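Examination of the molecular architecture
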Amino acid sequence: MWYVSTRGMAPRVDFEGALFSGYAPDGGLYMPEKLPQLDRDTLRQWSVVSYPSLVKELCSLFIGPELIPRDDLNDLIDRAFSRFRHKEVVHLSRLRNGLNVLELWHGVTYAFKDLSLGCVAQFLQYFLEKRKKHITVVVGTSGDTGSAAIESVQGAENVDIIVLLPKGRCTKIQELQMTTVLRENVHVFGVEGNSDELDEPIKAVFADVAFVKEHSLMSLNSINWSRVLVQMAHHFFAYFRCAPTLDLHPPPPVEVVVPSGGAGSLAAGFIAQKMGLPIHLVVAVNYNDIIHRTVQRGDFSLSEAVKPTLASAMDIQVPYNMERIFWLLSGSDSQVTRALMEQFERTRSVSLPKELHSKLSEAVISQSVSDEAITQTMGRCWEENQYLLCPHSAVAVSYHYQQVDRRQPSPPRCCLAPASAAKFPEAVLAAGLTPETPAEILTLEHKEARCTPMRKGDDWTRMLRGLIEDLSRQRQGRFRNAPA
């Protein structure tokens, strides 16, 4: 299995190359050169397996056994899910009025990113140990990526991790999950800015190819192909749990509602669909609605500013993974994709070509959800089911209630739930409900925290480069002083 850049100007790489690269050298994102096509028999076989088994099957299609033999791959995935609180790892809650909520948040940090980052960290460490290498991972986060990335590599000898978080723009719990991990290989910056602004110094550092190579840098944000790969399993699992039968020909569809910020799970859904999974996709966003505007009007352009919302992890202006979707829908046309994305990077505003926009609007339904609709949805779900939704899950469920109230006939529907309500007590209170906070989250407030401020007016790129250089020096010092 080979991977090519969406912009078509970089050499193809294998899975290991895509894993360690993040962005391709031409600025594009890696995608499989060919997508495997799944027949009915394969879908039927997969329909009865557990979530971890599904991840193993999917990963084995995209990671050659010459890179990770199948037995090793199975072990790595088992290890990735070993700390999950639910025995199924991912659980479907069937609630009133046909509401199906796929709980993706039973990992250590109570968010869906534990699923993909747990696997990615295992893949990384497998190759690093094999190659006797060390890397420094740099992560920008709007809330959940940082803590899941930290949890997945904390204490690892061959990985340092640097996380930039938007100070005061995550929930208090999200921030504490990052700043209270006092391991030697964990370094956290609190940035006076939003999640798009804190991406700027990261992009500037990664644009210096020689520096990236010298210090063995990589990113674990949702641009990394391996994260999208694991997220495909959410769609397969949702389909198999909600499809009434697989005996019909063609198999019946299931509607999957994806709450989205960076469009990683949405891109994963598009790929699953292209492989033959009969799902209909709905993308639901908050007030930061670039994805919704792109689907509705072909308007892929930034708003004046990111608006803080209750669904804070989705307060994102630049949904990087839309590039993968444009590439897929244009028939893997890297020229079209490159022209689009380069114009967007220059002008921050693009109108999709007519044909591409029409393919996008046929392939996915979109909706933008206000904070008021989020709290109303949380309240209604509690009233009908005594079930607490997090604000991001409520963005998806809001679409479901809208369809139910319109009495629209539709296929079975599954709403992806990216986080536990326990992480968002402020939003739960805003909905007039009582937060339920697990003991392990309550204890965070009493732990020592460590976080280096990046203030407005500081040179953030210089600070980030400085820490990376310090870590390399320290490592070389330890290496020189190690006993022969």
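Residues numbered from 1 in each chain as written. Predicted model: local features only at pLDDT ≥ 70, side-chain atom pairs only at ≥ 80, totals over all residues. Heavy atoms only, no water.

**Things to note about the sheet that holds strand β6 (residues 159-166)**
- Ordered by their spatial adjacency, 5 strands build an open sheet running β8-β5-β6-β7-β15, and the pairing between neighbours is parallel. Of all the strands in the sheet, just β8 (217-219) and β15 (452-454) have a single pairing partner and so form its edges. Strand-to-strand, the axes of this sheet are offset by a mean angle of 25°, without reference to chain direction.
- Strand contacts of helix α6 (residues 144-153): β5 (135-140), β6 and β7 (186-191), with the helix running at about 165° to β6, the strand carrying the most contacts. (Pairing = 2+ DSSP bridges. Helix = DSSP H or I, 4+ residues; strand = E, 2+ residues; numbered from the N terminus. Axes fitted to C-alpha atoms, helices over the stretch in contact; angles between N-to-C directions. Contact = heavy atoms within 4.5 Å.)

**As for the nonpolar core**
- In terms of nonpolar packing, the biggest core is built from 118 residues, with Phe 15, Tyr 51, Phe 81, Phe 123, Trp 225 and Phe 236 touching the most fellow members.
- The element contributing the most residues to this core is helix α10 (residues 225-242), with 12 residues.
- Once residues lying within four places of it in the same chain are set aside, the contact partners of Phe 123 are Phe 15, Leu 19, Cys 59, Ile 63, Ile 68, Leu 73, Leu 76 and Ile 77.
- Listed in part, the 34 residues of the second largest apolar core include Ala 373, Tyr 387, Cys 390 and Ala 427. (Core = buried A, V, L, I, M, F, W, Y, C linked by side-chain atoms within 4.5 Å. Buried < 20%, exposed > 50% of the residue type's maximum accessible area, 1.4 Å probe, protein only.)

**What to know about the packing of helix α5 (residues 113-131) against α6**
- α6 packs onto α5 with a crossing angle of 40° between their chain directions and a minimal axis gap of 9 Å. Judged by the angle between their axes, α5 and α6 are oblique. Viewed along their axes, α5 and α6 form a crossing whose handedness is right-handed. Judged by residue contacts, Lys 113, Asp 114, Leu 117, Gly 118, Ala 121 and Gln 125 of α5 engage Asp 144, Thr 145, Ala 148, Ala 149, Ser 152 and Val 153 from α6.
- Broken down by class, the residue content of the contact of α5 with α6 amounts to 5 nonpolar, 4 polar and 3 charged. (Parallel < 35°, antiparallel > 145°, perpendicular 65-115°, else oblique. Left-handed = near helix turned anticlockwise from the far one by under 90°. Nonpolar A, V, L, I, M, F, W, Y, C, P; charged D, E, K, R; others polar.)

**Some words on the packing of aromatic side chains**
- Applying the stated criterion to the full structure yields 14 aromatic pairs.
- When the centroid spacing of 5.7 Å and the interplanar angle of 45° are considered together, the rings of Tyr 3 and Trp 225 count as tilted. With Tyr 3 in strand β1 (residues 3-5) and Trp 225 in helix α10, this residue pair connects regions lying 222 residues apart in the sequence.
- Overall, the relative accessible area of 0% leaves Tyr 3 in the buried class.
- Residue classification places Trp 225 among the buried positions, given a relative accessible area of 1%.
- On the numbers, 6.3 Å between centres and 45° between planes, the contact of Phe 236 with Phe 240 is tilted. Taken together, the residues Phe 236 and Phe 240, both in helix α10 and 4 residues apart, mark about one turn of the helix.
- What links up through ring pairs into an aromatic cluster is the set Tyr 3, Phe 15, Phe 62, Phe 123 and Trp 225. (Phe/Tyr/Trp six-rings, centres within 6.5 Å; stacked < 30°, edge-to-face > 60°.)

**What about the pattern of salt bridges?**
- Applying the stated rule across the entire model yields 23 salt bridges.
- Across the pair Arg 70 and Glu 57 runs a salt bridge, and its minimum N-O distance is 3.4 Å. Of this pair, Arg 70 sits in helix α4 (residues 70-80) while Glu 57 sits in helix α3 (residues 51-62), and the two are 13 residues apart along the sequence.
- For Arg 297, the salt bridge identified is with Asp 299, shortest N-O distance 3.5 Å.
- Three or more residues joined by partner-sharing salt bridges are found here, namely Asp 289, Arg 293, Arg 297 and Asp 299. (Salt bridge = Lys/Arg side-chain N within 4 Å of Asp/Glu carboxyl O.)

**Quick word on the sheet that holds strand β13 (residues 364-368)**
- Taking strand neighbours across the sheet as the criterion, the 6 strands line up as β3-β4-β14-β9-β10-β13 in an open arrangement whose pairing is mixed. Among the strands making up the open sheet, the edge pair consists of β3 (91-94) and β13. Within this sheet the neighbouring strands show an average axis-to-axis angle of 25°, counted without direction.
- Note that strand β10 (residues 279-285) and β13 share 5 bridges and pair parallel.

**Here we look at the UniProt feature "modified residue: N6-(pyridoxal phosphate)lysine" (unreviewed entry) in the chain**
- Taking the numbering used here, the UniProt-annotated feature "modified residue: N6-(pyridoxal phosphate)lysine" (unreviewed entry) corresponds to Lys 113.
- Summarising the element assignment, Lys 113 is placed in helix α5.
- On the basis of relative accessible area, Lys 113 is assigned to the buried category, the value being 11%.
- Once you skip the residues sitting within four places of it in the chain, Lys 113 turns out to touch Gly 118, Asp 144, Thr 145, Ala 148 and Arg 227. (UniProt positions renumbered as here; feature names shortened; annotations may be inferred.)

**A word on helix α11 (residues 264-274)**
- Burial analysis of α11 places 9 of its 11 residues in the buried class, the great majority of the element.
- Among the residues of α11, Gly 264, Ser 265, Leu 266, Ala 267, Ala 268, Gly 269, Phe 270, Ile 271 and Ala 272 are the ones counted as buried.
- Among the residues trailing α11, Gly 276 stands out with phi positive, at a value near 115°.

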